[in-house]
Amino acid sequence: MNQQQLRPLYLLGIAASAYALWYFVTAGSNLYAIVSGLVTVVLVFRLRKLIAGS
């Protein structure tokens, strides 16, 4: 996959994991919230790395 195809996938993944983070925080499930937060951070980092490499 090229960079133009990866950007929307990263954005979709960030949106989904951010929603999961919000859901688990409001549900009071701390462990799943932490995992969702870490996934969000990793995806944002990889997206920034992809954009910087363009």
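How each quantity is defined
Residues numbered from 1 in each chain as written. Predicted model: local features only at pLDDT ≥ 70, side-chain atom pairs only at ≥ 80, totals over all residues. Heavy atoms only, no water. Helix = DSSP H or I, 4+ residues; strand = E, 2+ residues; numbered from the N terminus. Buried < 20%, exposed > 50% of the residue type's maximum accessible area, 1.4 Å probe, protein only. Contact = heavy atoms within 4.5 Å. Areas by Shrake-Rupley, 256 points an atom, 1.4 Å probe, with all protein chains shown as cover. Phe/Tyr/Trp six-rings, centres within 6.5 Å; stacked < 30°, edge-to-face > 60°.

> Quick question: what am I supposed to make of the overall build of the protein here?
Looking only at helices and strands, the protein has two helices and zero strands in total. Here the C-alpha coordinates of the protein stretch approximately 40 × 15 × 10 Å along the principal axes. Put simply, the protein has 54 residues, and 19% of those count as buried. When contacts within the protein are restricted to residue pairs at least 6 apart in sequence, long-range pairs at least 24 apart make up 59% of them. Entry remark: accessible area of the protein is about 4200 Å², with carbon and sulfur atoms responsible for 69%.

> Would you explain the side chain of serine 36 in this entry?
Note on placement: serine 36 falls in helix α2 (residues 30–52). Those residues in contact with serine 36, other than ones at most four positions away along the chain, are Ser17, Ala20, Leu21 and Phe24.

> What is the right way to look at the packing of aromatic side chains in this model?
Each pair of aromatic rings is reported with the distance of its centres and the angle of its planes. A complete count under the given rule lists three aromatic pairs for this structure. Consider the rings of tyrosine 19 and tryptophan 22, whose centres lie 5.6 Å apart with planes at 35°: the pair is tilted. You can see tyrosine 19 and its partner tryptophan 22 sitting in helix α1 (residues 3–27), three residues apart, about one turn around the helix. Ring geometry for tyrosine 23 against phenylalanine 24: centres 5.5 Å apart, planes inclined by 70°, an arrangement best described as edge-to-face.

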